[in-house]
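Residue-level listing of the chains:
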Amino acid sequence: MKLFSAASTILLAASIADNTSHAFVAPSLTSSSSVVPSTSLFSSSDSSSSFAANAITIASSISSLRGQTVVVKYGGNAMTTPELASLFCQDVATLQKLGLRIVVVHGGGPMINAMLDKVGVESRFEGGMRVSTAQVVEVAAMVLCGQVNKNISSGISQAGGHALGLSGRDDALLQCEKLWGGDAAAKIDLGNVGQVKVVNTDLINQLLDAGITPVIAPIGMGCKGQEDESVVYNINADVAAGRIAGELKAARVLFLTDIAGVLDKEMKLLKSLSCNDIDNLIRDETITGGMIPKVTYATDAVKLGVQGAFITDGRVPHALLNEILAGGEKGLGSGEGGTVVTL
């Protein structure tokens, strides 16, 4: 399925679904619409056949996913341009209109780095995790819970959806224990970095039942009743998304990032992998370095009960729509936008 054609068809379907009580006017006949040019759908028998094939595939996807929960990790490095950010918000609103329950967990590393530089607070990374002093967490919380979170939630609303921005501290949404780096023989103190132990799924499901997408900033608190209950913890957004997806028993979790997916030693995309495949690829050093934690978050989510985890290139326009709805009933993605991990 061609990505642009698929996204165009999905947007058209969502427009119909959102206006079932009104007379339908085809986008190709309205002067203000820029979603699907008329020539792309109806100008030839080939384009008509392509539109029909896309519609059948998307209908199968919607039928299998309607009413199901999808968790999306929206990474700071996938927020590379205002145009991509706008398309992401449009994708979330579209999936809402098609009857899917969407949860967004976002990062914001580049924005945090910029603010740390601006206020003169130093930070460093150990084992891929930001060492989070009290000062670093204060800045991270200001950035993530403030501008980044509200830009995403308001963007989804402006695109015709319904969203509410939250942090993991709101209603004890994400309760954590202190996370140590390194190993048992040589622990590394990462400061106030949290490992999620409890997810307030009741709050998330109440919002989803009301037709609202929770947009969650990965800033948590200590576990209720513990000495560190009042401590503010910085949480890796990938870890938070995977844990939330697992606790919700989500149908899908997508990690939108700035990589094409998992590549083999010839640098070719591996479109589908099992957890065992990934273990073998780590052992033979096909998967190395920074890719190891990314695939680990995906396999952890699948082992918690998520049906499929996607490592998806968020730099591709409409990446979310393409991977969720272009795979048909099997739900294994478009085959062009990343790697799908299953049990």
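Computed from a prediction, not measured in an experiment: that's the story for all the values here.

Chemist: Explanation requested: the overall build of the protein chain in the structure shown.
Modeler: A tally of regular secondary structure across the protein chain gives 11 helices and 14 strands. Counting over 343 residues, the protein chain shows a buried share of 49%. Long-range pairs, those at least 24 residues apart, make up 74% of the contacts in the protein chain between residues at least 6 apart in sequence. Put simply, the protein chain shows about 15,600 Å² of open surface, and 51% of that area lies on carbon and sulfur atoms.

Chemist: I tried to follow the sheet that holds strand E13 (residues 309-313) on my own but got confused; where do I start?
Modeler: Through backbone hydrogen bonds, the strands of a sheet pair up, either in parallel or in antiparallel fashion. Taken together, 8 strands build an open sheet; the order of strands is E5-E8-E2-E1-E11-E13-E14-E12 and the sheet is mixed. The outermost strands of the open sheet, each flanked by one partner alone, are strand E5 (163-167) and strand E12 (272-274). Taken over all neighbouring pairs, the strand axes of this sheet differ in orientation by 20° on average, direction set aside. Alignment of E12 against strand E14 (residues 338-342), held across 3 bridges, turns out to be parallel. Bridged to Ser-274 within E14 is Thr-342.

Chemist: Can you help me understand the packing of aromatic side chains in this one?
Modeler: Remark: the centre distance and the inter-plane angle together describe each pair of aromatic rings, the angle taken between the planes. One pass over the structure, following the stated rule, counts 1 aromatic pair. Consider the rings of Tyr-74 and Phe-88, whose centres lie 3.8 Å apart with planes at 10°: the pair is stacked. Of this pair, Tyr-74 sits in strand E1 (residues 69-74) while Phe-88 sits in helix H4 (residues 82-97), and the two are 14 residues apart along the sequence. On the basis of relative accessible area, Tyr-74 is assigned to the buried category, the value being 4%. By relative accessible area, Phe-88 is classed as buried at 4%. A cation over an aromatic ring shows up here: Lys-178 above the ring of Trp-180, its NZ or CZ 4.8 Å from the ring centre.

Chemist: What is the right way to read the side chain of Thr-69 from this model?
Modeler: Here Thr-69 lies in strand E1. On the basis of relative accessible area, Thr-69 is assigned to the buried category, the value being 10%. A distance of 3.4 Å separates polar atoms of two side chains, one belonging to Thr-69 and the other to Arg-101. What Thr-69 contacts, discounting residues up to four positions off in sequence, is Arg-101, Val-103, Leu-208, Leu-248, Ala-250, Ala-251 and Arg-252.

Chemist: Mind showing me how you'd approach empty space enclosed by the protein here?
Modeler: To find the voids left in a structure, one rolls a probe of water-molecule size over its atoms. Across all of its chains, the model carries 3 cavities of 30 Å³ or more by this definition. Of the volumes computed, that of the largest cavity is approximately 80 Å³. Residue lining of the largest cavity: 13 residues in total, with Leu-84, Phe-88, Gly-314, Val-316 and Ala-319 positioned closest to the centre. Secondary structure elements with two or more residues in the lining of the largest cavity: H4 and helix H11 (319-325). Broken down by element, the lining of the largest cavity gets its largest block of residues, 4 residues, from H4. A breakdown of the residues in the lining of the largest cavity according to their chemical character gives 10 nonpolar, 2 polar and 1 charged. Volume-wise, the second largest cavity comes out at about 40 Å³. Lining the second largest cavity we find Asp-238, Phe-255, Thr-257, Lys-294, Tyr-297 and Ile-311.

Cut-offs and rules
In this numbering scheme, every chain counts its residues from 1 along its sequence in written order. In keeping with the predicted nature of the model, local features appear solely for residues at pLDDT of at least 70, side-chain atom pairs appear and are counted solely at 80 or more, and the whole-chain, interface and lining totals rest on all residues. Only hydrogens and water are removed before side-chain values are computed, so all heavy atoms of the structure are retained for them. Put simply, DSSP H or I for four residues or longer makes a helix, DSSP E for two residues or longer makes a strand, and each gets a number counted from the N terminus. In this scheme, a residue with accessible area under 20% of its type's maximum is buried, one over 50% is exposed, and one in between is partly exposed, where area comes from a 1.4 Å probe on protein chains only. Working rule for contacts: check all heavy atoms of both residues, and any pair within 4.5 Å makes them a contact. Computed with the Shrake-Rupley method and a 1.4 Å probe, the accessible areas treat only the protein chains shown as cover for residues. Strand pairing is defined by DSSP finding a minimum of two bridges between the two strands. Only the contacting stretch of a helix is used when fitting its axis, a line to C-alpha atoms as for every element, and angles between N-to-C directions run 0 to 180 degrees. Side-chain rings of Phe, Tyr and Trp (the six-membered ring for Trp) are treated as a pair once their centres are within 6.5 Å; stacked means planes under 30 degrees apart, edge-to-face means over 60, and tilted covers the remaining angles. The criterion is that NZ of a Lys, or CZ of an Arg, lies within 6 Å of the ring centre and within 35 degrees of the ring normal, and then a charge sits over that ring. Here a polar contact is recorded for every N or O atom pair within 3.5 Å, except that within protein the pair must consist of a potential hydrogen donor and a potential acceptor, and residues adjacent in sequence are included only if both atoms are side-chain atoms. A pocket here means an open set of points on a 1 Å grid, computed over the protein atoms alone, that has protein on both sides within 12 Å along at least five of seven lines. A cavity is instead a set of points where a 1.4 Å probe fits but cannot get out; residues with an atom within 4 Å of a point line either one. Grid points are joined across faces, edges and corners, and a volume is the space filled by probe spheres set on the points. Charged means Asp, Glu, Lys or Arg here, nonpolar means Ala, Val, Leu, Ile, Met, Phe, Trp, Tyr, Cys or Pro, and polar covers whatever is left, Gly included.

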